[in-house]
Amino acid sequence: VQLVESGGGLVQPGGSLRLSCAVSGTIFSSKSMGWFRQAPGKEREFVAAISWSGGSTFYTAAVKGRFTISRVNVKNTVYLQMDSLKAEDTAVYYCAADLNRSSRVSLLASEYNYWGQGTQVTVSS
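Residues numbered from 1 in each chain as written. Predicted model: local features only at pLDDT ≥ 70, side-chain atom pairs only at ≥ 80, totals over all residues. Heavy atoms only, no water.

**With respect to the overall build of the protein**
Per the secondary structure count, the protein includes zero helices and 11 strands. The N-to-C order of helical and strand elements in the protein reads β-β-β-β-β-β-β-β-β-β-β. Here the C-alpha atoms of the protein give a radius of gyration of 13 Å, agreeing with the 14 Å that 2.2 N^0.38 yields for 125 residues. Summarising its shape, the C-alpha atoms of the protein cover approximately 40 × 25 × 25 Å along the three principal directions. For the protein, the proportion of its 125 residues judged to be buried stands at 39%. At a minimum sequence separation of 6, the contacts of the protein that also span at least 24 residues come to 59%. Element-wise, carbon and sulfur atoms account for 48% of the exposed surface of the protein, whose accessible area totals about 6200 Å². For the protein, the distance from the average position of its 12 positive side-chain charges to the average position of its 8 negative side-chain charges is 6 Å. (Helix = DSSP H or I, 4+ residues; strand = E, 2+ residues; numbered from the N terminus. Rg over C-alpha atoms; globule rule 2.2 N^0.38 Å. Buried < 20%, exposed > 50% of the residue type's maximum accessible area, 1.4 Å probe, protein only. Contact = heavy atoms within 4.5 Å. Areas by Shrake-Rupley, 256 points an atom, 1.4 Å probe, with all protein chains shown as cover. Lys, Arg positive; Asp, Glu negative; His and termini not counted. Charge placed at Lys NZ, Arg CZ, Asp CG, Glu CD.)

Set out below in structure tokens:
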């Protein structure tokens, strides 16, 4: 199983980025997926998650209304659209696959089985 994130970079406050996570090697379309982030000196934290069909999504309060998680199963790809970015969104962003869930999502990093290498998002003027 391989997860490869892309789309990170440097953006000004108030700007937007779209992260992508391409998944190979498993039955992606039937599993829940999540995005997490880790800022320097902080623990990895949950950002968003999506069920296999996309019908169920969940966001941490800090990003709700600004970030949107989505997926295109025929492309084996999950996305994180990030709008109205703030300096506090600066972190390495990771996508993760939860092989134990399909219609439900988990907020716990420990329950995700596979992780990507991460992509840096820096919000600064």
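Let's pick the thread back up.
**What about the pairing of strand 4 (residues 32-38)?**
Most of strand 4 sits inside the fold, with six of its seven residues counted as buried. Where strand 4 meets strand 5 (residues 45-50), five bridges bridge the pair, whose relative direction is antiparallel. Bridge pairing links F36 to F46 in strand 5. Hairpin connection, strand 4 to strand 5: the antiparallel pair is bridged by six residues, and G41 has positive phi, about 75°. (Pairing = 2+ DSSP bridges.)

**Details of the state of the cysteines**
Evaluated as defined, the whole model comprises one disulfide. With its sulfur 1.9 Å from that of its partner, C21 forms a disulfide with C95. Between C21 and C95 the disulfide shows an S-S torsion of about 50°. By sign, it is right-handed. Of the two residues, C21 sits in strand 3 (residues 17-24) while C95 sits in strand 9 (residues 91-98), which places them 74 residues apart along the sequence. Overall, C21 belongs to the buried group, its relative accessible area being 0%. Judged by relative accessible area, which is 0%, C95 ranks as buried. (Disulfide = S-S within 2.5 Å.)

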